[in-house]
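# What the coordinates show
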Amino acid sequence: MNYLSHFFLSADAEDDVHLGNFLGDIVRKTTADALPSSIQKGIELHRFIDQFTDNHALVLEGKRLLYPQFGKYSSVILDVYFDFLLIENWAMYDNRPIQAFIDACYAFVDANMESVPDIARNRVEAMNSARWMNGYLSDSGRMDLFRRLAQRAKYDKNFGQALDIYGTKKKELTVIHQQFFPILQEACMEWLL
């Protein structure tokens, strides 16, 4: 769900690793196993990022903060909120304007579409042509994201209130994100060595 963070965390990696990191939530293991080893390395990075994030004490604190409202979906919601916080605090992490970075992500995916496995290509093309990450930049786009999440979820767990809840929890979540994200960046740099 947190495509922006994944794109950012592997932006300086080799192209195949960067692409694999993006594809980590899109392709299944059986498909991933048939990809070139350099793309598999990016998928492994994606899994490392997810595991490191999900098990870090600061992230567990964030999940506990959201659990009363979102239950078992608190992890998914926190991932999305972390992308929002990355956007809102972008100048702390990068000198480029956020829209320039997002546009570069779209251009990267377009340029590497031939390396996307056939089974995932339609989904990736649809995501890219819809410019889905632009939705992170506005409240209406964020609400649309939560509507899509609600459609995919087995249980309705306050997705319609997710943007309001973000507003009420934003101060605490910002502190968590600003403490955690540099730790995650460092862990990714070490993993990529």
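Residues numbered from 1 in each chain as written. Predicted model: local features only at pLDDT ≥ 70, side-chain atom pairs only at ≥ 80, totals over all residues. Heavy atoms only, no water.

### Some points on the packing of helix 4 (residues 37–55) against helix 10 (residues 162–192)
Here is the rule: Every axis corresponds to a line fitted to the C-alpha atoms, with the helix fit spanning only the stretch in contact, and the corresponding angles, defined between N-to-C directions, vary from 0 to 180 degrees. Each helix is a run of H or I in the DSSP string that is no shorter than four residues. Each strand is a run of E no shorter than two, and both are numbered from the N terminus. Take the far helix as the reference: if the near one is turned anticlockwise from it by less than a right angle, the crossing is left-handed, and if turned clockwise, right-handed. By definition in these notes, contact holds between two residues if any of their heavy atoms fall within 4.5 Å. Three classes are used: nonpolar for Ala, Val, Leu, Ile, Met, Phe, Trp, Tyr, Cys and Pro, charged for Asp, Glu, Lys and Arg, and polar for all others, with Gly counted as polar.
It is at 11 Å that the axes of helix 4 and helix 10 come closest, and there the two elements cross at 145°. For the element pair helix 4 and helix 10, the recorded crossing hand is right-handed. Here Lys 41, Glu 44, Leu 45, Phe 48, Ile 49, Phe 52 and Thr 53 of helix 4 come into contact with helix 10, specifically with Phe 180, Ile 183, Leu 184, Ala 187, Cys 188, Trp 191 and Leu 192. A breakdown of the residues in the contact of helix 4 with helix 10 according to their chemical character gives 11 nonpolar, 1 polar and 2 charged.

### A closer look at unusual backbone geometry
Trans is the common state for peptide bonds, and a negative phi is the common state for residues other than glycine. Inclusion rule: Relative accessibility under 20% of the residue-type maximum defines a buried residue, over 50% an exposed one, and the middle range a partly exposed one, all with a 1.4 Å probe and only protein chains included.
In the Ramachandran plot, Arg 131 falls in the positive-phi region, its phi being about 55° despite a non-glycine side chain. Note that Arg 131 resides in the loop between helix 8 (118–129) and helix 9 (139–152). Classification of Arg 131 as partly exposed rests on a relative accessible area of 32%.

### Concerning helix 4
The cut-off we apply is this: Helix span, expected: 1.5 Å multiplied by one less than the number of residues in the helix. An arc is given here, and it is the one of the directions from the helix axis to the C-beta atoms.
Between its terminal C-alpha atoms helix 4 stretches 26 Å, which fits the 27 Å expected from 19 residues at 1.5 Å a residue. Three or more residues of helix 4 are buried, namely Ile 39, Gly 42, Ile 43, Leu 45, His 46, Ile 49, Asp 50 and Thr 53. Buried positions in helix 4, seen along its axis, are confined to an arc of 150° and lie on one side of it. Turned more than 90 degrees away from the buried face of helix 4 sit Ser 37, Gln 51 and Asn 55, all of them exposed.

### Examining the packing of aromatic side chains
For the record, the criterion: Between 30 and 60 degrees the pair is tilted, below 30 it is stacked and above 60 it is edge-to-face, where a pair is any two Phe, Tyr or Trp rings, Trp via its six-membered ring, whose centres lie within 6.5 Å.
All told, the structure shown has 22 aromatic pairs when counted by the stated rule. On the numbers, 5.4 Å between centres and 80° between planes, the contact of Phe 84 with Tyr 166 is edge-to-face. Separated by 82 residues along the polypeptide, Phe 84 in helix 6 (residues 74–88) and Tyr 166 in helix 10 bring together distant segments of the chain. When its relative accessible area of 3% is taken as the criterion, Tyr 166 is described as buried.

### What to know about the environment of Ala 111
If you trace the backbone, Ala 111 turns up in helix 7 (residues 98–111). A relative accessible area of 52% means that Ala 111 is categorised as exposed. Spatially, the C-alpha atoms of Ala 111 and Asp 12 are 16 Å apart, while their sequence positions differ by 99 residues.

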